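Each chain, letter by letter, is given below.
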Amino acid sequence: MNQTARTRPGGSERALSEAYDTALLDLDGVVYAGGEAIAYAVESLGAAREGGMHLAYVTNNAARTPQTVAEHLTRLGVPAEPSDVITSAQAVARLISEQLPAGSRVLVIGAEGLRVALRERGLVPVESADDDPAAVVQGYGGPDMPWSRLMEASYAVARGLPWFASNTDLTIPSGRGIAPGNGAAVEVVRIATGATPQVAGKPLPPMHRETVLRTGAERPLVVGDRLDTDIEGAHVGGVDSLLVLTGVTTAAQLVAARPEHRPTYVAEDLRGLLEPQPEVEPVGDDGFRCGGWTASVDGDALVLAGEGEPVDGLRALCAAAWTAAGDGVCELDSGKVVARLGL
Ligand SMILES: [Mg+2]
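Model, not experiment: these values are computed from the prediction.

Asks: Can you help me understand helix α4 (residues 88-97) in this one?
Replies: Most of α4 is tucked away, with nine of its 10 residues classed as buried. All of the buried residues in α4 are Ser88, Ala89, Gln90, Ala91, Val92, Ala93, Arg94, Leu95 and Ile96.

Here it is as structure tokens:
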């Protein structure tokens, strides 16, 4: 990464929904969790759209079709068309179509979303390594995908066929705990074959390119809950980002984020999309002020003073920690001060 490392959250005098033309929204942990809408998501997205912001939904999940995702969103009260949904299946299908002639057979280890995306690019999904495929593509196949599918992938990859993966998210958070994601299944085939796939999904460039191509966004804002996919993907694409704290990232993880994981803005939830963002101002030698809070470094610990909106305290803490860490990771003890914010 040759960008200068971000050392504090950014400010915006205008509401983010007015300052950017398109929100590129992650789904899980941002719009819904466990299938249900996250607090304030429905009304905030409705207001942003009414204000003229274009909303697009960007997911690494390759199993569901855009049609299915759009129907789910609409049911939750977030009206969406299939064309508003961009999946890693679409990004990987484009990647394959750029390397293989139209009509090529592709062995699919995955679900319907992947097959639909391949057909859309003029490729022919097949199910067996013996069906004369020209490539192999692997995406999340759902909880009932049998082990024999991974065997099928391994046979074809071991023959030297080009191998593609929609995404390599290692885990899927669920109501009952952490489950293995497509990245874990890709690792199985990698271990068996010694080969390495080409990957499309966040945070890699093919996914961002697919998103911009399909939305025509000129001034997009990536909105996500995950540092190593959503926020890093925004860095790779060179666009601004908003982290919301409704998903997998904790306030303490944000304070300790390395440069490519530092978002432009942070908000508690999607209401942040409708709000201006406060400036974080330097104060004294190594302190930073935001709202009623001041954060600074004292020896090997972060110190927080003041009161006010908890997220302002977090913004001030990020500035103190990111400045101290520079191009690296903040090693300062932040647990106690972050806990005090109750985020
Ligand atoms: Mg997410």
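Asks: How should I be thinking about the pattern of salt bridges in this particular structure?
Replies: Two side chains carrying opposite charge are able to pair once their charged atoms lie near each other. All told, the structure shown has 16 salt bridges when counted by the stated rule. We note a salt bridge from Glu127 to Arg115, for which the minimum N-O separation is 2.9 Å. Separated by 12 residues along the polypeptide, Glu127 in the loop between β7 (124-126) and β8 (135-138) and Arg115 in helix α5 (residues 112-120) bring together distant segments of the chain. Look at Arg115 and you get buried, because its relative accessible area is 16%. Taking the shortest distance from any N to any O, the salt bridge between Arg214 and Glu120 comes out at 2.8 Å. Separated by 94 residues along the polypeptide, Arg214 in helix α8 (residues 205-215) and Glu120 in helix α5 bring together distant segments of the chain. Accessibility expressed as a relative area gives 27% for Arg214, which makes it partly exposed. Each of Glu112, Arg115, Arg119, Glu127 and Arg149 takes part in salt bridges that share partners, so that together they form one network.

Asks: In this structure, what is going on with a negative patch on the surface? I would like to understand it.
Replies: On the surface, a cluster of negative charge is made up of Asp285, Asp286, Asp298, Asp300 and Asp333. Along the chain, Asp286 falls in the loop between β16 (281-283) and β17 (287-290). Using a relative accessible area of 38% as the deciding quantity, one classes Asp286 as partly exposed.

Asks: I would appreciate a short explanation of the coordination of the magnesium ion in the present structure.
Replies: Tetrahedral coordination by four donors puts the ideal angle at the metal at 109.5 degrees, and octahedral coordination by six puts it at 90 or 180 degrees. Every protein donor of the magnesium ion is listed here as Asp26 (OD), Asp28 (O) and Asp225 (OD), and their distances to the metal cover 2.0 to 2.2 Å. When the donors of the magnesium ion are listed by position in the chain, the intervening gaps give D-x1-D-x196-D. Assessed through its relative accessible area of 9%, Asp26 is described here as buried.

Asks: So what exactly am I meant to see when it comes to the sheet that holds β7 here?
Replies: Backbone hydrogen bonds are what pair the strands of a sheet, in a parallel or an antiparallel way. Reading across from one edge, β7-β6-β8-β9-β12 is the order of the five strands in this open sheet, with parallel pairing throughout. Both edges of this open sheet fall to β7 and β12 (198-199), since each of them pairs with a single strand only. Strand direction decides the pairing type here: strand β6 (residues 105-109) and β8, joined by four bridges, are parallel. Bridging from a neighbouring strand, Val106 pairs with Ala135 of β8. With respect to the sheet, α5 is in contact with β6, β7 and β8, its orientation differing from that of β6 by roughly 165°.

Asks: Could you clarify how one ought to interpret the layout of surface pockets in this entry?
Replies: To find the voids left in a structure, one rolls a probe of water-molecule size over its atoms. Considering only enclosed or pocket space, the largest pocket measures out at about 1100 Å³ in volume. Along its surface, the largest pocket is lined by 47 residues, and Asp28, Asn61, Thr171, Ile172 and Pro173 are the ones closest to its centre. Only β2 (32-33), α3 (66-76), α6 (147-158), β10 (171-174), β11 (177-180), α7 (182-193) and α9 (227-237) provide two or more residues apiece to the lining of the largest pocket. Considering only residue class, the lining of the largest pocket consists of 20 nonpolar, 19 polar and eight charged. There is about 190 Å³ of room inside the second largest pocket. Taken together, Thr168, Asp169, Leu170, Thr171, Lys202, Pro203, Leu204, Arg226, Asp228 and Thr229 form the lining of the second largest pocket.

What counts and what doesn't
Residues numbered from 1 in each chain as written. Predicted model: local features only at pLDDT ≥ 70, side-chain atom pairs only at ≥ 80, totals over all residues. Heavy atoms only, no water. Buried < 20%, exposed > 50% of the residue type's maximum accessible area, 1.4 Å probe, protein only. Helix = DSSP H or I, 4+ residues; strand = E, 2+ residues; numbered from the N terminus. Salt bridge = Lys/Arg side-chain N within 4 Å of Asp/Glu carboxyl O. Patch = residues over 30% accessible without salt bridge, like charges linked within 9 Å, V, L, I, M, F, W, Y side chains within 5 Å. Areas by Shrake-Rupley, 256 points an atom, 1.4 Å probe, with all protein chains shown as cover. Lys, Arg positive; Asp, Glu negative; His and termini not counted. Charge placed at Lys NZ, Arg CZ, Asp CG, Glu CD. Donors = N, O, S within 2.8 Å, 3.2 Å for Na, K, Ca; no water. Pairing = 2+ DSSP bridges. Contact = heavy atoms within 4.5 Å. Axes fitted to C-alpha atoms, helices over the stretch in contact; angles between N-to-C directions. 1 Å grid on protein atoms, 1.4 Å probe; cavity = no way out; pocket = protein on both sides within 12 Å on 5 of 7 lines; lining within 4 Å. Points joined across faces, edges and corners; volume = space filled by probe spheres on them. Nonpolar A, V, L, I, M, F, W, Y, C, P; charged D, E, K, R; others polar.

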